[in-house]
Structures are given as structure tokens and as C-alpha cells.
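The lines below spell out each chain.
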Amino acid sequence: MGNNLVEKILSKHLISGNLVPGEEIGIRIDQTLTQDATGTMAYLQFEAMNVPRVKTELSVSYIDHNTIQIGFENADDHRYLQSVAQKYGIVFSRAGNGICHQVHLERFGKPGKTLIGSDSHTPTGGALAMIAIGAGGLDVALAMAGKPFYLICPKVIKINLTGKLKPWVSAKDVILKVLEIFTTKGNVNTVFEYGGEGVATLTVPERATITNMGAECGVTTSIFPSDKMTRLFLRSQQRESDFVELKADKDTSYAKIVNIDLSKVEPLTAKPHSPENISTVRKMKKIAVDQVCLGSCTNSSYKDLVTVAKILKGKTAAPNISFILAPGSRQVLEALSQSGYLTDLIASGARVMENACGFCIGNSQSPQSAAVSLRTSNRNFLGRSGTMDANVYLVSPETAAAAVITGRFTDPRDLKISYPKVAMPKKFSIDDSMIIRPDKKKKAVEVYRGPNIGVLPRSPELSDTIQGVVTIKVGDKITTDHIIPAGARMKYRSNIPKYSEFVFENVDATFAGRAQEIKKAGKQNIIVAGLSYGQGSSREHAALCPMYLGVRAVIAKSFERIHAANLINFGILPLTFENESDYDKIDQGDELEIVEARKIIAGNGKFMVRNKTRNTSFQAICILSERQKKIILAGGALNITN
Ligand code: MIC
Ligand code: SF4
């Protein structure tokens, strides 16, 4: 029996465990990436490990999230990150160079390598046949220190692509189709491996749109084979020498095979407020649109933006549309500018933003009250745009362009113009001058620490008895954006006491204050949640800030992978209801008691939780590997890594 692509790459990197789905494995990491919003914590943790230089083949620190810089905080963070990069042998991609995933694909990704990044869209690298995984900053710091990355060996689902996309339908519609099939829940510890003859029709940037948004399904990663298209892309980036052919063996098997006929995919949209709320664009009944945002790490390749430029040539954005353009990288922006397409976009009324995350994370271009905003980005969680009552729809660049012209939701096939053909440039003009490589000769580098760089909080070791209060009870699909908002609050990422004031701000603004009171009273805070708790980003602040506020356990119906790992890393117990109906028998404010917690963690992980307020009990489980047990008992990974 042959191997699939995932098995091939994982087996070459396996350090511990067996490649049996469901078992914990440790793998060697070749490359890491960080971005500024998660990077400061990752590097503070790396510094605490006392390792003189990173031990990976390549580690890159990107500045792309917090580039608005209202106040000194973000600029101070950037300086800190630049000095740390210089000191520890990390490549530094300056603000202005582009969004980490786009730049990594262009300049650094290599078929067959492993990559972890402190950002949930790191799987974008799967477009280049990498095993590319999003993780918390601490896990990335450990990988930089040469330690293995631990994960549950995933089951592999093959997505078998046949046929060819029709005009006006593009890669975004394919991943929205995948989201319609798999939804955002229930896909943890799974990898989507794309195969079938349809793969050959998709360029690497198109594949990247698909692997990028696999993150929304909650899979560990997504991967495409490395083939002729991969070679062409690497050649266009003048790094053909990085090419190796990689594909699954013919006689391999998969946990499941799902077929998608590309020729049958239609223009789709994800309706508010979840990437899984899929509808055809046709059904959207020409709703009036207020804002169109083109860009983000999902859809801002050269092809995406030139396609839109060609559709919009000679036309002006409808009067009701605020048209935002944020190219994915400086390379894309330069190529647009050199080819003249930028002029066409500007002429059509595009408001050209910096090539950074910007609107996608809500730290600029929040739409008007109750707006309808069409975005080519990957997440439309409630409030993420910065406007709580805005309705954000995720769409392809083609559907975005159609709305710019008509001012309404419009199936781009109804524009009645011919679909522009856009060829990928054979060669991009390569300019890596905004990438600073560490100077090997320069010896002592002083790390710059502005007043925004705080100290790392730690939590005490796990106590045997948890006297807790249900500080908040939330429902299903709570995202990390609900737990700790980004946008305007993101500038406090390096200042945990301040940032913690905003935990659950958009769900219940009294949470942080109440949690502090409970902590002061010597009790512990407990969060009760429904299905798929911690969807979305990799931000470890969604664990770190609750930890700072004295949260010791989350009891949920189920957890998403990265967030569960982050909770463990920061000493918070991720408990799952043995019986989901017990969720209905708890209320906010109930006092819960867990006894012999240490013994149970070290043993079978089956807890009896007593609800003292209602005088009832229920079972909750926390099955951990031996490594995770040590972390939880110690009160978090930081208490044992050095
Ligand atoms: C996101 O898209 O939500 C982010 C902002 O890129 C996050 C990282 C962060 O919160 O800093 C992610 O996807 O991991
Ligand atoms: Fe940036 Fe948005 Fe991509 Fe996250 S999803 S990395 S915020 S562009």
C-alpha cells in the first residue's frame, strides 16, 4: 500500500509517536513564521528559553497586522521584533513588505517542508505542498528553539477535483463549496489533501486561496501536490531550484474521498456571521451593498487583482460603494503598478490601502452602521469588521468587482461582459530589499523594549481543588474574536494586563471586571461553552488573557484544535461534557467544585464536577497526552520549558 502526500511529508519529519490517526506525534519543524500581533509574545517566550540562536532552517518575523500605529505601541513592538530578529538569527520582513502568508508563499515556501506559524492561516503554504500549520506563539517559540511540534496525527480526507472552473467562477468559490460541505465544526485533527485531474488547472495562488480558508473548517492543514504548476510558480519567483515533485502514491488510501466537479461550482458567498453560511450569489436578490473590500491573505494575488482591474476598466465605483483595495504584498503592488493595472483600479475609485491585514482584522475601514460589506477575506465573524451591526459577506474577487459596478449583490455572470483572461507573469520582478537577513558577524544586539512590552504573566501550578464560579456561559461557535477582540484593541497585544480588560468585550463587557472580583475573592473563574469553542485565529491571547484574569477551566461541548492547545499551554483545563445535555443544567453564576484535580489529570482524566448551587453533579473529561499532563499540572508550558 502506498502513501498519501501527508504521510510522506510527516514520516520524513517524525520525531516521536506513530503515524496513526488520533495518536500524538512530534514532528521536526523546518520553517517558522510569526506576525507582529502574535509575534511579541512568541519572542518574549523564546527569549525566556535562553537559546542563543534559532535552530530552524528558516524563521521569518513579519510585520503586517498592526501597521496603523495609532499611538506609540505598535511602532515600539515593531522595533522590539526587529532587534530580536537580528539577535537570534531571524529573517525580518519589514512593514510595507506585505501579509505574511502571501510573502511566505512568494519568497520562502518550499515543497516538502514543514512550517508552523503563529497565525491560523499558515496552511496557505499547503499550496506549495508544505505541511503548514497554525499554532500558538509558544509552540512556535519552542519550534524555533529546536523542539518538536506536537499534534494529533490527523486523518486525511482527499478532496478529489475534476473538471475545470467556468468563467466568472474562481478559487474562492471552490473553498466556499468546501465550507458548505464540511462546515466550520467537527473537522479537528483532519487534513484536506487535494488531488484529481482538476488540480492541474489551478495555479499556486488559486491553490493558496483554497488552503488558506481550509482554516475556517478547523482542519489541521490543507495540501496540494507539487507539480508543473508549482514549478512554474517557483520559476516566476526565480527560485525554481526549490522545486521537487511531490504527489500521493496511486495505491494509497484516505479516511474519506469527497468529489468536487469544478465545472459545476457557481459563484458563492458566505453570509453573516460565519464562513459556513453558504448561499449562491444568484440567491442574494441584488441586496444593496455599502462597502467592497478587496485583498487580505486570501484573495490578493496578482491574478485576483488584475482580474478586478480588467473588469472595472473604464468604470467608476457606484456612488453608494466605498471600494477598498489592500494588495497582499509589495511584490503584487509593484507588479500592478508596473503593468498599469493599478492606474485602472485607482481610476475606478479604489481607495488604495497599505499592503497589510488592515480591514480584514477590523483595524481600519470599519463600515458604516448596519452596512452590507462584501469582502474577499476569510472571516465574517460578528463584529470583526469593527462595526457590531455590520453584515459582512465573503465573496470572490469577481463577485466583489460586480458589486463595485452595480452597487448591489450581483452574480458576476450577469455583467454581460466577457470574462477577462489573466495570465500569471512568467517572471515577477524580485526585490527582497524590504527583507532584512540577520547579520552573522554583528555580535551583541541590544533588544529594544518600549514601554508597551510587558512581562509574561505566569499561572501557579494546578491546585488539587478548584472552587470555581461560572463567570460566563456562552453558546456554540464562540470564536477567538469573541473571546478577545482584535481591531482597535489589538495595539495592546504586548501588554497583557491592559489587553485583558477586553476579554469577551463584545459578548459581555462586564466579564473582565467580574472575573477580577472572583479572583480577588480567592475563587477561580470557569467558562461554560457549547460546540466548537475557540474557532478562528491562533491568538494565544484568547488563553493568556483569561489566564491572567484567573480562568482555570473551560467546560465545553467541543474545542477547536489551536485554541485547545493554547489553553493547555497556559494551564487552563479544557474540559468536555461527557454528556452534552449537562450544558443545559448549568447557569452563569453557579458555583462549581472539582476535587482531586491533580490526581485525575495524572490518571484517566474523568472529572466529577459538583454544581454546589444546584446540588447536582456531572462528568467532564480531559484526555491529555503525558506531555500535556505535565504542562497542565505545572500551570502552563512556560513553567517547565526553562
Ligand atoms: C486573524 O485572521 O484572525 C489573525 C488576526 O490573523 C489571527 C492572528 C492574531 O489574532 O493575531 C489568526 O488568524 O491567527
Ligand atoms: Fe491578516 Fe486577515 Fe490574513 Fe489574518 S486573515 S493574516 S488578519 S489578512
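Residues numbered from 1 in each chain as written. Chains lettered and ligands numbered in written order. Predicted model: local features only at pLDDT ≥ 70, side-chain atom pairs only at ≥ 80, totals over all residues. Heavy atoms only, no water.

Draft legend 1. Representation of helix α19 (residues 626-634) within the structure. For α19, the complete set of buried residues consists of Q628, K629, I631, I632, L633 and A634. Where α19 ends, the next residue or the one after it, G635, has phi of about 90 degrees, a positive value. (Buried < 20%, exposed > 50% of the residue type's maximum accessible area, 1.4 Å probe, protein only. Helix = DSSP H or I, 4+ residues; strand = E, 2+ residues; numbered from the N terminus.)

Draft legend 2. Spatial organisation of the site of ligand 2. Within the structure, ligand 2 sits among H65, H101, D119, H121, S296, C297, C357, C360, I361, N378 and R384. Applying the majority rule of atoms within 2 Å of the grid points places ligand 2 in the largest cavity. Considering only residue class, the shell around ligand 2 consists of four nonpolar, five polar and two charged. (Near = heavy atom within 4 Å. 1 Å grid on protein atoms, 1.4 Å probe; cavity = no way out; pocket = protein on both sides within 12 Å on 5 of 7 lines; lining within 4 Å. Sits in = over half its atoms within 2 Å of the grid points. Nonpolar A, V, L, I, M, F, W, Y, C, P; charged D, E, K, R; others polar.)

Draft legend 3. Region of interest: the site of ligand 1. Around ligand 1 lies a shell of 14 residues, among which D119, S120, R493, S538 and R539 are the nearest. One of the backbone nitrogen or oxygen atoms of S538 is found 2.7 Å away from an oxygen atom of ligand 1. Relative to its free-state accessible area of 340 Å², ligand 1 is covered by the protein chains to the extent of 97%. If you map ligand 1 onto the pockets, it falls in the largest cavity. Looking at the shell around ligand 1 residue by residue, the class counts come to two nonpolar, seven polar and five charged. (Polar contact = N/O pair within 3.5 Å; in protein donor to acceptor, adjacent residues only side chain to side chain. Areas by Shrake-Rupley, 256 points an atom, 1.4 Å probe, with all protein chains shown as cover.)

Draft legend 4. Summary view of unusual backbone geometry. Across the junction of P272 and H273, the peptide omega takes the value -5 degrees, indicating a cis bond. Along the polypeptide, H273 turns up in the loop between β13 (268-270) and β14 (278-280). For Q69, which is not glycine, the phi torsion reads 55 degrees and is therefore positive. Positive phi values are uncommon outside glycine, yet N615 reaches one of about 55 degrees. Position of N615 relative to the elements: it lies in the loop between β26 (606-611) and β27 (616-621).

Draft legend 5. Examining the pattern of salt bridges more closely. Tallied over the full model, the rule gives 39 salt bridges. One salt bridge connects E276 with K477, and the closest N-O pair in it is separated by 2.5 Å. With E276 in the loop between β13 and β14 and K477 in the loop between β21 (466-473) and α13 (480-483), the pair connects residues that are 201 residues apart, well separated along the chain. Accessibility expressed as a relative area gives 13% for E276, which makes it buried. Take K477: its relative accessible area is 23%, and that puts it in the partly exposed class. (Salt bridge = Lys/Arg side-chain N within 4 Å of Asp/Glu carboxyl O.)

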